[in-house]
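Summary of the model geometry
So you can see what is in the structure, the chains are spelled out below.
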Amino acid sequence: MSDATGDPQRPLVSVRDLKVQFAVAGGRQVVRAVDGVSFDIHRGETLSLVGESGSGKTTVGQALLGVVPIAEGEMRIGDVSLPARTAADRRRLRRSAQMIFQDPYSSLNPRMRVGDIIAEPLRANGIGATRGERQKRVAELLGLVGLPADAADLLPHEFSGGQRQRIGIARAIATEPDFIICDEPVSALDVSIQAQIVNLLGGLQKRLHLTYLFIAHDLAVVRYVSSRIAVMYLGKIVEIGTRDEVIRNPSHPYTQALLAAVPGIDPAREATRQGVMLGGEIPSPINPPSGCAFHPRCPLAEARCSREVPRPHRLSATHQAACHLLADASEPSKG
Ligand code: SF4
């Protein structure tokens, strides 16, 4: 999508203080699914949003695509501010921003032939004047995702899970988007297939100059695909940094616990991780814990952690984390 400012440094995607809330229990209670999230994504990079189920990461992606209403905040994709207000802006977004879904079994209409599934966004966006032109484009797209052209004549159930995800990816890139939200794109697949899909996404990113928001529940997959990583807990980003900063120098106890669950990610750090194994379930966002929302599960929690909300602490120009202990560590020593 073009950027009216012409500034090459301007992020393609910008999110500021995003809040998404849902009323539950007949409107008597509010779920703060996303509670003040901010990030940028530059052209050609992959920002991974990582957190357990219930962290709000998928809701962030849904807010960007206008699937859920936002309570507060500002969002922009290209030069379109969200939610898009004009029909022209909505059309541009439909073409330039796409989503790859978690479940390749339920995200494809079982009664439609694969060629029609992939041609659907072409038709909807007026790409390809004739059926023949669209068929040619479908064959190209199937080739880009590593499927034969005759796959267009088959139904989704005739493919494996990995092949179905390839079909979903072909549909997502059909309109030549700039930005794709990948919502847990490999978590429903066998481990042996996951690497193939991750490699395919990486290859398409380089070839088609794509920008990704990659949503995942663990750090095992995102370490391969990310330029930067943001870790979410109960609706907030608790740590954000470059891939190496977050993987090699995890600074929030929650990030350390997520990394501890990834075997062999860095054996040299194994001994230091023993104290940050993650126990218990993520609390309900209807009634989140006071202070630092991670305190009931944090092995390093202190008395103030249940009273005071930690502010983001800057660890480098690109790395920050919200934990009281980090603020203490950086205070100049007295005497
Ligand atoms: Fe743990 Fe306290 Fe840091 Fe929260 S602020 S992560 S409870 S030490």
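Computed from a predicted model, the values in this text were never measured in an experiment. (Residues numbered from 1 in each chain as written. Predicted model: local features only at pLDDT ≥ 70, side-chain atom pairs only at ≥ 80, totals over all residues. Heavy atoms only, no water.)

Formed by 58 residues in total, the largest nonpolar core has its most connected members in L204 and L219. In this view, L204 contacts L144, V145, I169, I173, H209, L210 and Y212; residues no more than four positions away in its chain are not counted. Formed by 31 residues, the second largest nonpolar core is a distinct cluster that contains V13, I41, L47 and A97. (Core = buried A, V, L, I, M, F, W, Y, C linked by side-chain atoms within 4.5 Å. Buried < 20%, exposed > 50% of the residue type's maximum accessible area, 1.4 Å probe, protein only. Contact = heavy atoms within 4.5 Å.)

Inspection of the region around the ligand gives H252, P253, C292, F294, H295, C298, L300, A301, C305, C323, H324 and L325 as its neighbouring residues. Considered class by class, the residues forming the shell around the ligand number nine nonpolar, three polar and no charged. (Near = heavy atom within 4 Å. Nonpolar A, V, L, I, M, F, W, Y, C, P; charged D, E, K, R; others polar.)

For the rest of this paragraph, the subject is the packing of aromatic side chains. As enumerated under the stated definition, the model contains three aromatic pairs in all. Centroid distance Y233 to F294: 5.1 Å. Interplanar angle 80°. Geometry classified as edge-to-face. You can see Y233 sitting in strand β9 (residues 228-233) and its partner F294 sitting in the loop between α9 (253-260) and β11 (312-314), a full 61 residues away along the chain. The same class applies to Y233 and to F294, which are both buried. Through pairs of rings, three or more aromatic residues link up here, namely Y233, Y254 and F294. (Phe/Tyr/Trp six-rings, centres within 6.5 Å; stacked < 30°, edge-to-face > 60°. Helix = DSSP H or I, 4+ residues; strand = E, 2+ residues; numbered from the N terminus.)

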